[in-house]
Amino acid sequence: MLSNITYFVRFTVPSLFLCFLLGCNQNALLGPTSITVIQPSAGHCQYAIAPATFQTLDNMQEMRGKVGRVLHSSKNLDENPEILRTGIGLKPVDTEFFKAENSYVPADLDTLFAASLYYSVELGYLQTKRLDPNIDLALIVPNFSDTRFVHRAIRSSGGYGSRSEKSDNAEYFPLKVGSTLLNYFFSYPTEEVKDIPLGLNMGIMNHEFTHMVFQHLFYEPGTRRNMDVGSTKPTAHTLAALDEGNADYLGFLAVQDPGYFLCSFPYENRDLGRPKAFTTDVISRIESGSDDAFDPHEGGAVWAAIQYEIGQTLGNHQVVGKSLLRLMSNILDCPSTSSNNTLNFNFGDLARCHTNILSSDSRAQQIARQVYQKYLGSYGAGL
Amino acid sequence: MNKYVFLLFITITGVNSVFARLPKTVPLLPPRESGGVANNIKSKTINSREVKKDLMTAGVEIGTLMRSDSTSSDLLGMQLFVGGRVSLNIPVMFSSFYLTPSIGYFRKNQSEGSVAVVQNVFEGGIKAQYRFVDRNNFNWSLGVANRFDYLFSQIKVYNQSSGGQSFRYRVGPSSGLQFKVSNNLKFTTDLEFTVPVTSPMRLFGGLTTGLAFDL
């Protein structure tokens, strides 16, 4: 009897304790990991709660890996700007996973958000690399793995006196600290959205990710080359609208639903599947000198709808996606957009640069030219 | 033979008649309204209460299971699960030491937009407690709580749902208060803090209140 008890205490209890520790330790992970997230499935605003293979995760418990890390701060980041500058005060999201067959399942809402945010950015990273193997953001973006996705970010909007906390939004925020550019993504709290929260809408998070791609394929090289922005054409507004339009289109490519914006904002005019044109009104707002009348999302939505129609007509959205990635960096060198180290262009000039990029595929180039002529309005003259 | 039986019958009847006629100074049953005898009843009640101390009780409590969470909390860094427990309070070895096996269920529902995550905790456990203060109307005990959790989480979006499960063992100090409501009924409040032995380590708290019945 005594020997049985001794055996139990010496061997069985430590073994069980060890099994508990090893079996439930979710920190040490190597290789692809299967985690259940809410993924878009075939059809408009159709979703499946299904395992997704995370390719680049180093630590599941802290949701960090090759493409960055998911963080959280309970403080207002505008009232405490040192948090963003130093990163001190940003903590990993408190996650917990359960097991279901061969997949980990987020046990609570914060964990679901954290996993979904990481997966969205990984999706964008892998999509960019797949579209153009020469564009490996891990090599292009300095400290790429230090990209920070802030879950439930608290920031202020509006001027003094009418300040309120941002909600129902997501944002890419490049922050220059000395010579270092810190890449932040903010997923703001959900307040009014009745459908898919923005942090869980992979199309919207890929829209934001595309802003980072544009930052590092266009703005950063342009800044390094000391490029100027001319004033004879609405270059600054066109750039802002192009940034939004490319983001809308590459967001669609990530989820294959042209109406992914409507899954969070059902009444926004952001469905890529609905044809849009550069009307006189849209052009006048782009060309207005005032920032109050101008909304980059409006012109961007037109540009994205044009790209969607090119892809649909061509039957190949990958070609369009790859050409848009090329366009981001080629703007700096295209004869129609740049001369004498000065950028000076409108959407017609961008269309010329884009059709030149497609010159290796004559059918794609021809379709693009036709679609541009159909929707560019006065910008299409002489295309 | 018959005359001996007859003589025995007469003798017993006669003796009984004599005893029946003797003055009754000590009643066999005290009169209910007698003040003097009430003391005897009172002392008897005290004795019977001391016997009841060792009785097993059954309890029903509702309250919250708290889980520490550094990202979003309902109260003081804790997420609150709502639910309850049923338990037995079993005296062992000596009257101030109790074992309290229980089963419970706690639940937390989080949602944003059309997405919801429902967390379910099915809990079984046992507490070992010692009564440090044991008064007529009140007692306070301290001990150790052991909890085995079966956890089940469900993610929902529109008409889709999917879930995962896990097990957890946690252990920690516990404390209980009992206030007498009536002879067989007590108002109870229990507080405990437990920590799982597995990763991720986090603090759990339990605060439940309810009624316990003598069995």
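Computed from a predicted structure; not experimentally measured. (Residues numbered from 1 in each chain as written. Chains lettered and ligands numbered in written order. Predicted model: local features only at pLDDT ≥ 70, side-chain atom pairs only at ≥ 80, totals over all residues.)

S.K.: Just checking my understanding: could you explain the overall build of chain A for this structure?
M.R.: On a plain count of helices and strands, chain A comes out with 11 helices and 16 strands. Taken against the 2.2 N^0.38 rule, which gives 21 Å for 383 residues, the C-alpha radius of gyration of chain A at 24 Å falls within 12% of a compact globule. Taken over the C-alpha atoms alone, chain A extends approximately 100 × 50 × 40 Å along its principal axes. Counting every position in chain A, which comprises 383 residues, the buried fraction comes to 48%. Excluding contacts between residues fewer than 6 apart, the proportion of contacts in chain A whose partners are at least 24 apart in sequence is 67%. (Helix = DSSP H or I, 4+ residues; strand = E, 2+ residues; numbered from the N terminus. Rg over C-alpha atoms; globule rule 2.2 N^0.38 Å. Buried ≥ 20, exposed ≤ 12 C-beta atoms within 10 Å, placed from the backbone. Contact = placed C-beta atoms within 7 Å.)

S.K.: Please clarify how the overall build of chain B should be interpreted in this entry.
M.R.: Looking only at helices and strands, one finds 2 helices and 8 strands in chain B. For chain B, buried positions account for 25% of its 215 residues. Looking at chain B alone, contacts between residues at least 24 apart form 49% of all its contacts between residues at least 6 apart.

S.K.: Explanation requested: the sheet that holds strand 16 (residues 342–343) of chain A in the structure shown.
M.R.: Working definition: the strands of a sheet are paired by backbone hydrogen bonds and lie parallel or antiparallel to each other. Residues and elements named next belong to chain A. Across the sheet, 3 strands lie side by side as 14-16-15; this open sheet has mixed pairing. The open sheet terminates on both sides in strands that have one partner only, identified here as strand 14 (228–229) and strand 15 (338–339). In terms of strand pairing, strand 15 meets strand 16 through 2 bridges, oriented antiparallel. Its bridge partner being in strand 16, Ser338 is matched across the sheet by Leu343. (Pairing = 2+ DSSP bridges.)

S.K.: Sorry, what's going on with the interface of chain B and chain A here?
M.R.: Bring the parts together and some accessible area is lost; that lost area is often taken as the interface size. Of the residues lining the interface, 27 residues belong to chain B; the matching set on chain A comes to 36 residues. If you list the elements that add at least two residues to the side of chain B that touches chain A, you get strand 3 (94–112), strand 4 (115–134), strand 5 (138–157) and strand 6 (160–182) of chain B. Looking at the side of chain B that touches chain A, the element that brings in the most residues is strand 6 of chain B, giving 7 residues. Classifying every residue of the side of chain B that touches chain A gives 8 nonpolar, 17 polar and 2 charged. (Nonpolar A, V, L, I, M, F, W, Y, C, P; charged D, E, K, R; others polar.)

S.K.: Explain the pairing of strand 7 (residues 97–100) of chain A to me, please; I cannot follow it from the model alone.
M.R.: Residues in a regular strand point their side chains to alternate faces of the sheet. Residue and element names in this part refer to chain A. With 4 bridges connecting them, strand 7 and strand 8 (residues 103–106) associate as antiparallel partners. When the bridges of strand 8 are listed, Phe98 appears paired with Val105. In textbook terms, the turn of a hairpin is the stretch between consecutive antiparallel strands, and for strand 7 and strand 8 this stretch comprises 2 residues, one of which, Glu101, has a positive phi near 50°.

S.K.: Would you mind going over helix 10 (residues 347–357) of chain A with me for this structure?
M.R.: Working note: α-helix, 3.6 residues per turn, so residues spaced by three or four point in the same direction. All names here are of chain A. Judged by how many residues are buried, helix 10 sits mostly within the fold: 8 of 11 residues are covered. Among all positions in helix 10, only Phe347, Gly348, Asp349, Leu350, Ala351, Cys353, His354 and Thr355 are buried. The secondary structure elements touched by the buried residues of helix 10 are helix 6 (235–255), helix 8 (296–314), helix 9 (317–330) and helix 11 (362–375).

S.K.: Where do I start with the environment of Glu192 of chain A in this structure?
M.R.: Residue and element names in this part refer to chain A. For Glu192, the position within the fold is in the loop between strand 13 (180–187) and helix 5 (202–224). Given 8 C-beta atoms within 10 Å, Glu192 falls into the exposed group. Between the C-alpha atom of Glu192 and that of Ser264, which follows or precedes it by 72 residues, the distance is 9.9 Å.

S.K.: Help me understand the packing of helix 10 of chain A against helix 11 of chain A in this model?
M.R.: Each packed pair of helices is defined by two parameters, the angle between the axes and the distance between the axes. All names here are of chain A. Where helix 10 meets helix 11, the axes come as close as 9 Å, and the angle between the chain directions of the two elements is 165°. With respect to helix 11, the axis of helix 10 lies roughly antiparallel. Between helix 10 and helix 11 the crossing geometry is right-handed. Residue-level inspection shows Ala351, His354 and Thr355 of helix 10 in contact with helix 11, the latter providing Gln365, Ala368, Arg369 and Tyr372. Of the residues belonging to the contact of helix 10 with helix 11, the class tally is 3 nonpolar, 3 polar and 1 charged. (Axes fitted to C-alpha atoms, helices over the stretch in contact; angles between N-to-C directions. Parallel < 35°, antiparallel > 145°, perpendicular 65-115°, else oblique. Left-handed = near helix turned anticlockwise from the far one by under 90°.)

S.K.: Help me understand unusual backbone geometry, please; the structure alone is not making it clear to me.
M.R.: Excluding glycine, residues mostly have negative phi values, and the peptide bonds linking residues are mostly trans. Residues and elements named next belong to chain A. In this structure, Asp168 takes a positive phi of about 50° despite not being glycine. Tracing the backbone through its elements, the reader meets Asp168 in the loop between strand 11 (164–165) and strand 12 (170–177). Here Gln256, not a glycine, exhibits a phi torsion of approximately 60°, which is positive. Residue position: Gln256 is located in the loop between helix 6 and helix 7 (280–287). Residue classification places Gln256 among the partly exposed positions, given that 13 C-beta atoms sit within 10 Å.

S.K.: Help me understand the nonpolar core in this model?
M.R.: Inside soluble globular proteins, nonpolar side chains tend to come together where they are buried. Residues Tyr118, Val121 and Met328 of chain A are the most contacted members of the largest nonpolar core, which totals 113 residues. Counting residues per element, this core draws most heavily on helix 3 (residues 109–131) of chain A, which supplies 12 residues. Leave out the neighbours within four places in its chain, and Tyr118 of chain A touches Phe54, Leu57, Met63, Gly65, Val70 and Phe149 of chain A. Within the second largest apolar cluster, 6 residues are counted, among which are Met66, Phe106, Val121 and Phe204 of chain B. (Core = buried A, V, L, I, M, F, W, Y, C linked by C-beta atoms within 7 Å.)

S.K.: Looking at this model, I keep getting lost on helix 7 of chain A. Mind explaining?
M.R.: All names here are of chain A. Three or more residues of helix 7 are buried, namely Val282, Ile283 and Ile286. Looking straight down helix 7, one finds that the buried residues subtend no more than 95° of arc, so they occupy a single side. Exposed and facing more than 90 degrees away from the buried side of helix 7 are Thr280, Asp281 and Ser284. Tucked inside the fold, the buried residues of helix 7 contact helix 6 and helix 8. (Arc of directions from axis to C-beta.)

S.K.: Would you take a moment to explain the confidence of the model for chain A for this structure?
M.R.: The predicted coordinates ought not to be read in detail in places where the model reports low pLDDT. Counting all residues, the mean pLDDT for chain A is 91, and 91% of those residues have values of 70 or more. Below pLDDT 50 for its whole length, residues 1–28 of chain A participates in 16 contacts with residues either more than four positions away or in separate chains. (pLDDT = per-residue confidence, 0-100.)

S.K.: Would you take a moment to explain the pairing of strand 4 of chain B for this structure?
M.R.: Residue and element names in this part refer to chain B. For strand 4 and strand 5, the ladder comprises 19 bridges, and the chain directions are antiparallel. Counterpart to Asp134 in the pairing with strand 5 is Asn139. Counted along the chain from strand 4 to the antiparallel partner strand 5, the turn is 3 residues long.

S.K.: I would appreciate a short explanation of the environment of Tyr169 of chain B in the present structure.
M.R.: Residues and elements named next belong to chain B. For Tyr169, the position within the fold is in strand 6. With 16 C-beta atoms packed within 10 Å, Tyr169 lands in the partly exposed category. Considered as a pair, Tyr169 and Gly125 are 44 residues apart in the sequence and their alpha carbons are 9.3 Å apart.

S.K.: Hey, could you run me through the environment of Ser73 of chain A in this one?
M.R.: Residue and element names in this part refer to chain A. As for its position among the elements, Ser73 is in the loop between strand 5 (68–72) and helix 2 (81–86). Judged by the 20 C-beta atoms lying within 10 Å of it, Ser73 is buried. As a C-alpha pair, Ser73 and Pro92 span 19 residues in sequence and 8.8 Å in three-dimensional space. In contact with Ser73, other than residues within four places in its own chain, are Ile83, Gly89, Leu90 and Val150.

S.K.: What should I look at first to understand the confidence of the model for chain B in this one?
M.R.: All names here are of chain B. In the predicted model, chain B carries a mean pLDDT of 82, and the fraction of residues at 70 or more is 74%. Low confidence marks residues 4–24, where pLDDT is under 50. Its contacts with residues over four positions away, or in another chain, come to 0 contacts. Overall, residues 33–52 carries pLDDT values under 50, and its contacts beyond four positions in sequence, including any with other chains, amount to 4 contacts. In the model output, the complex is listed with pTM 0.85 alongside ipTM 0.86.

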